[in-house]
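Fold and contact review
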Amino acid sequence: MPAYQFTRLPRTVLNVAGDDRKTFLQGLISNDVAKIAPGQALWAAFLTPQGKFLWDLFLTEQGDTVLIDVDAATAEAFRKKLSLYKLRSKVTITTTDLAVFAVFGGDGALPEGVAADTRLPAMGGRLYASQPPADMAEVPLAAWDAWRFAQGVPDGARDLIVDKSLLLENGFDELSGVDFNKGCYMGQELTARTKYRGLVRKRLLPVSFDGAAPEVGTPVLVGEVEAGEMRSGGDGAGLAMIRLEHLRAGTPLTCGGKALAVTVPAWAVLPEGE
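Along each chain, residue indices are assigned from 1 in the same order as the chain's sequence is written. This being a predicted model, a pLDDT of at least 70 is required before a residue's local features are given, and a value of 80 or more before pairs of side-chain atoms are given or counted; all residues contribute to the totals for chains, interfaces and linings. Values shown for side chains rest on all heavy atoms present in the structure; no hydrogens or waters enter the calculation.

This next bit is on the packing of aromatic side chains. Side-chain rings of Phe, Tyr and Trp (the six-membered ring for Trp) are treated as a pair once their centres are within 6.5 Å; stacked means planes under 30 degrees apart, edge-to-face means over 60, and tilted covers the remaining angles. Tallied over the full model, the rule gives 10 aromatic pairs. Both rings, one in Trp43 and one in Phe172, keep their centres 3.7 Å apart while their planes meet at 20°; by these two values the pair is stacked. Of this pair, Trp43 sits in strand S3 (residues 40-47) while Phe172 sits in the loop between helix H4 (156-159) and helix H5 (188-196), placing them 129 residues apart in sequence. Working definition: with a 1.4 Å probe on protein chains only, accessible area under 20% of the residue-type maximum means buried, over 50% means exposed, and in between means partly exposed. The exposure class assigned to Trp43 is buried, which follows from its relative accessible area of 0%. Secondary structure elements follow DSSP: runs of H or I no shorter than four residues count as helices, runs of E no shorter than two count as strands, and numbering proceeds from the N terminus.

And the structure:
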């Protein structure tokens, strides 16, 4: 039975406390705050009013507070953005000293204290703690990346583009990162319209190639025609945004001079061709 392993993620944990914490968050994030629970790390996004991506978040309940883990490089900007919407809400938003550890690769029940990643069972869970776990092997971030590439799961900070990316092009629907029954939240109108009008024309998908990954932003080509763009990658694998018309056509793809093979994960539901 494979043992769980862990890596420390470049994320920061915020604490949202106060009587209005859940109603406050409900109008701001893409997922339903009612789903936040101890032992689960709920995936969600914070969008612009126009429905474009700003941050991806994981939320869990700890006593009378909600913990939010967010990209470390922009965590302070996120905290300030949240604070702008407080108005008279009875909430406090503080930065904690907790680290975020991705726990993955094992078989069976998650170790005690690990919050299950709600995207896919294969993604394991997240541990919020001041110290790394003593009973698991630590692996480099590249090992975690290779694991998520294999599952086709994005890292919001590296695979989505601020003020540009749309949630449904990046698997937020199938990976339980958006709730279409929760009511209004910031950016809800465009997200709902994209779903119900079938406006998804491209998708973030796992790709494989020989050797080192092309640089982020390198065009994916069909001949000389642009068919997408490389996002995060490692040795031999990564994620790329692919235009579905070219995927359906089955034509050879290249990126940075390398042949590119695309895989559609079993969980992904792609729109039918027109």
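Quick look at the sheet that holds strand S10 (residues 137-138) now. For two strands to pair, DSSP has to find at least two bridges joining them. One open sheet accounts for 10 strands, arranged S6-S2-S5-S4-S3-S8-S9-S7-S1-S10; its pairing is mixed. Of all strands in the sheet, those with a lone pairing partner are strand S6 (92-95) and S10, marking the two edges. Alignment of strand S4 (residues 53-62) against strand S5 (residues 65-71), held across 5 bridges, turns out to be antiparallel. Bridge pairing in S5 links Gln62 to Thr65. Against the sheet, helix H3 (residues 141-151) makes contact with strand S1 (5-9) and strand S7 (99-104), and its axis sits at roughly 105° relative to S1, the strand it touches most. The contact criterion used is simple: two residues touch if any of their non-hydrogen atoms lie within 4.5 Å. Throughout, an axis means a line fitted to C-alpha atoms (over the contacting stretch in the case of helices), and angles, computed between N-to-C directions, take values from 0 to 180 degrees.

This part is about empty space enclosed by the protein. In this analysis, the protein atoms alone were mapped onto a 1 Å grid. Cavities are point sets where a 1.4 Å probe fits without being able to get out; pockets are open sets with protein on both sides within 12 Å along at least five of seven lines; lining residues have an atom within 4 Å of a point. Grid points are joined across faces, edges and corners, and a volume is the space filled by probe spheres set on the points. This structure, assessed with the given rule, holds 1 cavity of 30 Å³ or more. Along its surface, the largest cavity is lined by Gly51, Leu166, Leu167, Leu168, Leu190, Thr191 and Thr194. For this scheme, ten residues count as nonpolar: Ala, Val, Leu, Ile, Met, Phe, Trp, Tyr, Cys and Pro. Four count as charged, namely Asp, Glu, Lys and Arg, and the remainder, Gly too, count as polar. Residue composition of the lining of the largest cavity, by class: 4 nonpolar, 3 polar and no charged.

So, on to the sheet that holds strand S11 (residues 202-208). Paired through backbone hydrogen bonds, the strands of a sheet run either parallel or antiparallel to each other. Pairing is antiparallel in the closed barrel, where 6 strands are placed in the order S11-S14-S13-S12-S15-S16. Strand after strand, the sheet turns through a mean of 45° between neighbouring axes, direction not considered.

What follows is about the pattern of salt bridges. A side-chain nitrogen of Lys or Arg and a carboxyl oxygen of Asp or Glu constitute a salt bridge if their distance falls within 4 Å. Counting across every chain of the model gives 15 salt bridges. Ionic pairing is found between Asp179 and Lys35, a salt bridge with its closest N-O pair at 2.7 Å. On the criterion of sequence distance, the pair formed by Asp179 in the loop between H4 and H5 and Lys35 in the loop between helix H1 (21-26) and S3 is long-range, its members being 144 residues apart. For Asp179, a relative accessible area of 11% corresponds to the buried category. Between Glu189 and Arg193 there is a salt bridge; the shortest N-O distance is 3.7 Å. Note that Glu189 and Arg193 are positioned in helix H5 at a spacing of 4 residues, about one turn of the helix. Residue classification places Glu189 among the exposed residues on the basis of a relative accessible area of 59%.

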